[in-house]
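Examining the three-dimensional arrangement
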Amino acid sequence: MAGLYVHIPFRRASRTYDDAFTTVSGAEAFPEYAAALERELIYYAQQHASDEPIETVYAGGGRPSLFSLANVRNVLQTVLNVFDGSTIREATAEVNPADATPSTLSALRSVGFDRLQFDVLSFFPDDLDAIQTPHTAQEAVRAIREARQAGFESLSVDLLFGWPGQPMKHWQANLEQAVDMNLPHVTLVEWTGDRSDFSGTPGADGTDAAAPAAGGEGGETAAAATTQREAEVRTAKQLQTAMEILTGEGYEQYELTHFAQTGHASEHQKNYYAHGNYLGVGASAHSFWWRQRMQSIPARRWANVRDVPRYQQLLSQQYPPISFRETVDWATLADEYITLRLRTREGLDLRRLRAEYGRNLQDEKASLLDTLVENGLAETDDRTYLRLTPRGLLVADGITERLTR
Amino acid sequence: MPDQSQIRNFCIIAHIDHGKSTLADRLLERTGTISERDMQEQTLDDMDLERERGITIKSHAVRMTYEAGDGEAYTLNLIDTPGHVDFTYEVSRALKACEGAILLVDAAQGIEAQTISNLWLALEQDLEIIPVLNKVDLPVARPDEVAQSLEDLIGEPAEDIHRVSAKTGEGVDEMLEMMIDRVPPPQGDPDAPLRALIFDSIYDSYRGSVVYARVVDGSLEKGESMEFMSNKKQYDAEELGVLRLGRQKVDTLNAGDVGYVIGSIKDVQDTRVGDTITTVNDGAAEPIPGFKEVKPMVFSGIYPTDNENFEDLRSALEKLQLNDASLTYQPETSAALGFGFRVGFLGLLHMEIIQERLDREFDLDIITTVPNVEYRVDVQKKGEEDTVIVDNPQDMPHYGDIEAVYEPFVEADIITPSDYIGNLIQLCEDRRGVYGKQRWLDTERVQLTYELPLAEIVFDFYDTLKSVSRGYASFDYEFIEYRESDLVKLTILVNEEPVDALSTIVHRDKAYNVGRKLAKKLKELIPRQMFEVPIQASIGRRIVARETIPAHKKNVTAKCYGGDITRKRKLWEQQKEGKKRMKQVGTVDVPQEAFLAVLSMDDD
């Protein structure tokens, strides 16, 4: 299977809590962007349609729910014209709770979306103030209720952790709130903003470490290292807490940051972490396409230009809107496969790694595999699968790095 | 060719920074050998590294013509000597090519350790010593006092000691006249069979080894067949010449001359400093006495960070050896570091220079292990007695088989302002020194003599000496003998695995302390891993210290959408770059500094 990602990079104001590419603009910009998306789908994405069926669609970006419904409908119609609509099993729209009016939700439903991803981040008003979200806690709760009323069963919320000054009690309560609301899917999002210009105030719960930004001008490396170590300890604890609460309540952690009740795992996300093919359309979107998965057939990866006017201009002149492309060699593909699979519950299929990617970890890294198991960081089924334990997941990058060199 | 009576062969001996190179520059100017305009600062030191460190590593020679006050034109051959303790043998051979030496002493700093060690070397060669005070123009100069201490040292009346400023040129002409007057002309027999002393050689990639020699007896003609007496190797003298600022060809080198010889000599090992050149036909019966093979005193493992660069490292060492016959190396393997070389050096400075040149000139990422000396170990195994030479801690025999261990001792001369004498005595005692003598050079400066194990000097002695004396003490040493010591091998285990490259040989009395500090230092230096890593130090079977490096709490990027993987890959590449100087020991990443941790332990 393959996935299709549609990037809609619009928002109303800049925000502190992530680093996805977005652009601030008003509604007048939408029709031209929609037209460009349609062009990209027809001119370029269509070339791949015969290789493999598209089974998932994901519309994301800054705040795609700002996009007018007419535009959404047109783009989605083009998707269905270009690809075989009967193979699409899942269509997710990212929605900001502030935009989740009943009419928008039912319209999304009517054009064919069956799954919603809400940028809730937190259910605490003072948290949302600190991280400066465009929505309120009330809107978040209402959005979920309205979505259910509009007939959406598969709902997911993003919960944000790791921001300076985040009260541990709030984090725990947010996770419990998601469980209480019986949300079938929770995505954990780690704060990636720049710590130096974060102006959030520490939460009501004063027991947590003070916001590092407060002492920013000191700038000494020892202090920075201490802050970093404290942040590491704090985020480790937050991740651990999330794992305990959610898996304790019957959610499956099918990927490090993705938790789902049975039957609600996102097929689109699972495809990413299975190293599956995906096409990304829209400014700054990434694509990965490896036809037939054979060494003799080159795997390609490309990314579109980030600048929206440039993206539109290239497409209007019938040029590919691409700023970066590469052929991924076999060894890199193996590294990628290891990286992605180690983050999943299913784990890394060592036999497949050897057969499809030519990498024999069972022999090449035998002693490292033993060490990982002995130290309780990984489990292995008779050396055919390698699966990280909760403790291993927390240091997955370090493990990946050692396994891939 | 000038008559021997018109030749003066001399050198300048001085402590580092006492102005030898500046004085040499003035001489080149005064004799018109080089115009002021062409003068590059410190012309004789032509390697970058030498200029940067203000020391002369390789000696060179230059020929000058000087019209003296008596109206005669004299040929002056200035033979430049290396100024550092590691190159004592080279210095002694360069001195042997001269009849006189200018003993140059900084009038502000006074006599230093190298002044004395080089002076003894010059006296051993029966050279005419001309003491000269330099930098008399400095406001802090104290010429009368320094002259008095020189009188005490060599007996030259203080008031007769000549004063110059190499910087301004003041007193330089008088010094030249004095030298022509006092340094005897060469006394060799021009009609005897050829005997020429090699005092240096350099490698020229087009011409092979270029030999610098002083003709003592006889003469050498262009085209003649010559023989190196120590190894009986024969070559044709294709080109002869004298050294101005460049090479200047001549047809004959006669008794008393200093010059160069080129003969398609591919292997610099054939042209050893101190050897005698003679002619193949009617050659000399006996070589000039005093030739010896220089032996490395300090050893260190040098490994490529990336094992794939092993051959690059080998070819770099080969190239360095072309210009430095005293450098020795042989391949070795370490379980922790893979394939590398055990490299032998004349001393610590020599080692640092080689390491830096590998880095700078060959752009090689290398890991060097803690330097050590060569031990002699008596072993008894299955009733059989044997003596083994150990220049690498990992070759130390099993502790159960060892009967006795012997280590090299040196005699060290330390010269210091009297304020620091307490600190320095403490330092030497800490380093297992045996007190020799103490002598006042003048009202403020003391010469302190200790016998010390070379291994203790190799461990950071020089830096500590400088720090406890605020940089004022100077130091020089000379090998004396091997002595029995109670030495043990201290093994370091990382993650329960012994790491050969971290092991050291230490005195039993210090082993516990060193083990404890080393484990502590390694804990600081080794970054946290995915799991806890114990660091242990053991002597024989006994664990004497244990530290634990805590595991990483979190090392994972939460957000990693499929599309982000290129960003992630860039991050890996950066990390890999940062890990260049890391070595994987088992499953633990160990940075380069850890292999030198023993050198940077706190002395608390």
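What you see is a predicted model, and the numbers here were worked out from it, not measured in a lab. (Residues numbered from 1 in each chain as written. Chains lettered and ligands numbered in written order. Predicted model: local features only at pLDDT ≥ 70, side-chain atom pairs only at ≥ 80, totals over all residues. Heavy atoms only, no water.)

1. Brief notes about the confidence of the model for chain B
All names here are of chain B. Of all residues in chain B, 90% have pLDDT values of 70 or greater, and the mean over the chain is 85. Ranking the elements of chain B by mean pLDDT puts helix α2 (residues 48-53) last, at 49, and strand β5 (residues 128-134) first, at 95. Taken together, the stretch residues 51-59 has pLDDT below 50 and engages in 41 contacts with residues farther than four places along the chain or on a different chain. Taken over the whole predicted complex, pTM reads 0.62, whereas the ipTM for its chain interfaces reads 0.75. (pLDDT = per-residue confidence, 0-100. Helix = DSSP H or I, 4+ residues; strand = E, 2+ residues; numbered from the N terminus. Contact = heavy atoms within 4.5 Å.)

2. Quick word on the pairing of strand β2 (residues 61-67) of chain B
All names here are of chain B. Here β2 lies mainly inside the structure; five of its seven residues are buried. Across seven bridges, the pairing between β2 and strand β3 (residues 73-79) is antiparallel. Residue pairing for β3: Tyr66 is matched across the bridge by Tyr74. Taken together, β2 and the strand that follows it, β3, pair antiparallel across an intervening segment of five residues, in which Gly71 is found at a positive phi of about 85 degrees. (Buried < 20%, exposed > 50% of the residue type's maximum accessible area, 1.4 Å probe, protein only. Pairing = 2+ DSSP bridges.)

3. Regarding the sheet that holds β2 of chain B
Residue and element names in this part refer to chain B. Read across the sheet, six strands follow the order β2-β3-β1-β4-β5-β6 without closing on themselves; strand pairing throughout is mixed. Here the strands that pair on one side only, and so sit at the sheet edges, are β2 and β6 (162-163). In terms of strand pairing, strand β4 (residues 100-106) meets β5 through seven bridges, oriented parallel. What sits directly across from Ile102, in β5, is Ile130. Strands β1 (7-14), β2, β3 and β4 of the sheet are contacted by helix α1 (residues 20-30), whose axis makes an angle of about 155 degrees with β1. (Axes fitted to C-alpha atoms, helices over the stretch in contact; angles between N-to-C directions.)

4. What about the packing of aromatic side chains?
If you walk through the whole model with that rule in mind, you get 19 aromatic pairs over all chains. Taking 4.9 Å as the distance between ring centres and 85 degrees as the angle between the ring planes, the aromatic pair formed by Tyr272 of chain A and Tyr278 of chain A counts as edge-to-face. Look at Tyr272 of chain A and you get buried, because its relative accessible area is 7%. Relative accessible area serves as the criterion here: at 3%, Tyr278 of chain A is assigned to the buried category. When the ring of Tyr435 of chain B is compared with that of Tyr450 of chain B, the centres are 5.6 Å apart and the planes differ by 80 degrees; the resulting orientation is edge-to-face. Highlighted residues: Tyr435 of chain B in strand β24 (residues 434-440) and Tyr450 of chain B in strand β25 (residues 445-453), separated in sequence by 15 residues. (Phe/Tyr/Trp six-rings, centres within 6.5 Å; stacked < 30°, edge-to-face > 60°.)

5. Digging into unusual backbone geometry
Despite not being glycine, Ser284 of chain A has its phi angle at roughly 70 degrees, a positive value. Structurally, Ser284 of chain A is set in the loop between β11 (277-281) and β12 (286-289). Not every positive phi belongs to a glycine, and Asp126 of chain B is a case in point at roughly 60 degrees. Mapped onto the fold, Asp126 of chain B is located in the loop between α4 (113-124) and β5. Asp126 of chain B gets classed as exposed once you look at its relative accessible area, which sits at 68%.

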